[in-house]
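# A look at the structure
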Amino acid sequence: MTRYALRAASVAAALGLWQLLTSLNIDLWLRFSQFPTVADVARTFADRLAGDDYWTDLTDSLTRILTGFLLAAIVGIATGVLVARSRLAEDLLGPILEVVRPIPAIALVPVAILLFPSNEQGIVFITFTAAFFPVMVSTRHAVRALAPGWEEAVRTMGGGRWRILGSVVLPGALPGIFGGLSVGLGVSWICVISAEMISGQYGVGYRTWQDYTVIDYPGVFVGMVTIGVLGWATSTAVELLGRRLTRWLPRTSYVPSGRPRTPRPEPIAPGPTAPEPTYPAPAAPAAVPTGTDPEEARDEHLV
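Calculation rules
Residues numbered from 1 in each chain as written. Predicted model: local features only at pLDDT ≥ 70, side-chain atom pairs only at ≥ 80, totals over all residues. Heavy atoms only, no water. Helix = DSSP H or I, 4+ residues; strand = E, 2+ residues; numbered from the N terminus. Contact = heavy atoms within 4.5 Å. Axes fitted to C-alpha atoms, helices over the stretch in contact; angles between N-to-C directions. Parallel < 35°, antiparallel > 145°, perpendicular 65-115°, else oblique. Nonpolar A, V, L, I, M, F, W, Y, C, P; charged D, E, K, R; others polar. Phe/Tyr/Trp six-rings, centres within 6.5 Å; stacked < 30°, edge-to-face > 60°. Polar contact = N/O pair within 3.5 Å; in protein donor to acceptor, adjacent residues only side chain to side chain.

### A short note on the side chain of Thr 208
The residue Thr 208 is located in helix 9 (residues 204-213) in this model. Residues in contact with Thr 208, not counting those within four places in the same chain, are Met 197, Val 220 and Gly 223.

Here's what the structure looks like:
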């Protein structure tokens, strides 16, 4: 409860500072006088919630992001496993993927406009491309980092290729896969909003850009807040799903002070003192006969 209270207090402090700087028209290099106040954004937000256009935009953006992200998750995981497990697939697909991967997904908007018959399909393609590469790369690295002993153990017990894939490869790579899914979802939101601003009809990004063109700055901030809340909600859902599917992993307990807790040793009850062990006295070395060379005596002893 203390942690939740601290989080709520931090958000309230940020909103209070925003309201203070904008209501007093503070201009200290940063021009807060141009910003709408928190009260203005709240009033605009309430008006949007009462209308139908806001919910239509919300539904369209969620449909696009979920469609593109789910396709990217399926294809990205399959491609990552294939490239990591097959040298032939790595030789055939690796060069193409590495050449296309550095290209920003938003730069593919002209390609999407030329390829697809509708803007809706093009936006889904942009969202898919944005999420595909983080998922594919994280899956590939996670599969390659698996300990070979696990696979050898299943193989010695008679397991085939599909058994190894379902019992070793996918469960062992799940932590890395969900890391890529979380990153890919965040990039997808960035690209889908940008694609809606460029070529979309309806959607949160489209509405935010329209508010900017008509100089409705409170409406712009309503769109920004909506995007932030949607991104946080979807990322939290992916994280919770990942924790649910990887319950077998050891969890590190969080300590607020940053130092690991060490259990105190329990006091030992006083008892009778054990007697000290006694050992037999060492035998005296054998005397060397007079007139015998010490080296000869040592040789006779060894014999």
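Having seen it, we continue.
### Regarding the packing of helix 2 (residues 38-50) against helix 10 (residues 217-245)
In the contact formed by helix 2 and helix 10, the axes pass within 9 Å of each other and the chain directions differ by 75°. By the angle between their axes, helix 2 is roughly perpendicular relative to helix 10. Across from Asp 40, Val 41, Thr 44, Phe 45 and Arg 48 in helix 2, the residues of helix 10 making contact are Pro 218, Gly 219, Phe 221, Val 222, Val 225 and Thr 226. Taken together, the residues of the contact of helix 2 with helix 10 sort by class into six nonpolar, three polar and two charged.

### Side note on the packing of aromatic side chains
The geometry of an aromatic ring pair comes down to the distance between the two centres and the angle between the two planes. The full count for this structure, using the stated rule, is nine aromatic pairs. Here the aromatic rings of Trp 18 and Phe 221 are separated by 5.4 Å at their centres, their planes lie at 40°, and the arrangement is tilted. Here Phe 221 lies in helix 10 and Trp 18 lies in helix 1 (residues 2-23), a separation of 203 residues in the sequence. Among the aromatic side chains, those forming a connected cluster through ring pairs are Trp 18, Phe 32, Phe 35 and Phe 221.

### Some words on the side chain of Glu 196
With respect to the helices and strands, Glu 196 occurs in helix 8 (residues 161-199). Here Gly 205 takes part through its backbone nitrogen, which lies 2.8 Å from a polar atom of the side chain of Glu 196.

This is a description of form; function is not addressed.
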